[in-house]
Amino acid sequence: TLTVTVTDDGAGQIGGNKTATKSVAVSVTAVNDAPEVMGGGSVDMAPILEDSNPAGNTVQNIFGGSYQDSRDTVTGGSSADSMAGVVVVGNTANASTQGVWQYSTDGGATWITIPAGRSDSSAMFLSSTAKIRFNPVKDFNGDAPALTVRLVDSSAVDAANNPSNTALPVSD
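Now for a description of the structure that goes with this document.

Here the focus is a nonpolar patch on the surface. There is a patch of nonpolar side chains on the surface, built from Leu-2, Val-4, Val-6, Val-24, Val-26 and Val-28 and spanning about 570 Å² of accessible area. Its location among the elements puts Val-4 in strand β1 (residues 2–8). By relative accessible area, which is 42% here, Val-4 ends up partly exposed.

What follows is the structure, given as structure tokens:
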């Protein structure tokens with residue numbers, strides 16, 4: 001409650017000082033907060049053998065340990081959301097010299113290349129059950145190129161209902 005009191009000292013007028021008080025209720029409503037990234041923002045995937053056909057891993061298994069949404073738990077307000085997946089906003093892989101980042105939505109039976117040049121305005125949603133892998137070119141060894149993602153919570157209905165993995169706008 002905000003209480004405002006106004007006093008007119010009367011400045012010698014008849015009746016002297018006059019005071020008026022008004023109270024106004026103020027309410028702050030909880031809103032959905034973006035999930036937080038835990039552990040410094042980087043994850044390591046299991047090493048893969050040169051010239052192999054990597055099996056990949058689910059988005060949940062790769063990024064789930066970095067997902068935190070406890071700020072959404074507010075008594076009488078919102079509650080924490082589960083991880084719906086990630087949006088890919090960056091892919092620096094050079095397909096001809098390094099290899100490609102790929103995803104699968106059918107358990108690894110079919111792999112689709114994640115296009116390079118993703119950004120916030122051309123983000124690609126991958127559900128928590130989708131698999132991700134780096135598929136290197138023949139004789140490539142070393143660190144895989146960067147794949148940049150943003151965590152998506154289950155309140156992001158538009159993203160979660162987008163099974164075609166088309167580009168979606170992203171906000172922080």
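Further remarks concern the packing of aromatic side chains. With the rule as written, the count across this model stands at 2 aromatic pairs. Plain terms: the ring middles of Phe-134 and Phe-140 are 5.9 Å apart, the flat faces sit at 65 degrees to each other, and that makes the pair edge-to-face. Ring-pair connections join several aromatic residues into one group, and the members of that group are Trp-101, Phe-134 and Phe-140.

Here we come to the sheet that holds strand β7 (residues 99–104). Strand order across the open sheet formed by 4 strands is β4-β10-β7-β8, with antiparallel pairing between neighbours. The sheet is open, and its two borders are formed by β4 (57–58) and β8 (112–113), each paired with just one other strand. As judged from the 2 bridges shared by β7 and β8, these two strands associate in the antiparallel manner. Paired with Tyr-103 across the two strands is Ile-112, which belongs to β8.

Within the secondary structure, Leu-151 is located in strand β11 (residues 147–153). Sequence-wise, Leu-151 and Ser-128 are 23 residues apart; in three dimensions their C-alpha atoms are separated by 9.8 Å. Apart from the residues within four sequence positions on either side, Leu-151 is in contact with Pro-35, Glu-36, Val-37, Phe-63, Ser-66, Tyr-67, Met-83, Gly-85 and Val-86.

To continue, consider the pattern of salt bridges. Scanning the model with the defined rule gives 1 salt bridge in all. Between Asp-120 and Arg-150 there is a salt bridge; the shortest N-O distance is 3.0 Å. Here Asp-120, found in the loop between β8 and β9 (123–127), pairs with Arg-150, found in strand β11; they are 30 residues apart in sequence, far enough to count as distant. Note on Asp-120: relative accessible area 32%, which makes it partly exposed.

Our focus in this paragraph is unusual backbone geometry. Keep in mind that most residues, glycine aside, have a negative phi and that most peptide bonds are trans. Of note in the backbone geometry, Asp-51 takes a positive phi value of approximately 60 degrees without being a glycine. When you line up the elements, Asp-51 lands in the loop between β3 (36–37) and β4. Unusually for a residue other than glycine, Asp-139 sits at a positive phi of about 70 degrees. Mapped onto the secondary structure, Asp-139 falls in the loop between β10 (131–136) and β11.

The rules behind each value
Residues numbered from 1 in each chain as written. Predicted model: local features only at pLDDT ≥ 70, side-chain atom pairs only at ≥ 80, totals over all residues. Heavy atoms only, no water. Patch = residues over 30% accessible without salt bridge, like charges linked within 9 Å, V, L, I, M, F, W, Y side chains within 5 Å. Areas by Shrake-Rupley, 256 points an atom, 1.4 Å probe, with all protein chains shown as cover. Salt bridge = Lys/Arg side-chain N within 4 Å of Asp/Glu carboxyl O. Helix = DSSP H or I, 4+ residues; strand = E, 2+ residues; numbered from the N terminus. Buried < 20%, exposed > 50% of the residue type's maximum accessible area, 1.4 Å probe, protein only. Phe/Tyr/Trp six-rings, centres within 6.5 Å; stacked < 30°, edge-to-face > 60°. Pairing = 2+ DSSP bridges. Contact = heavy atoms within 4.5 Å.

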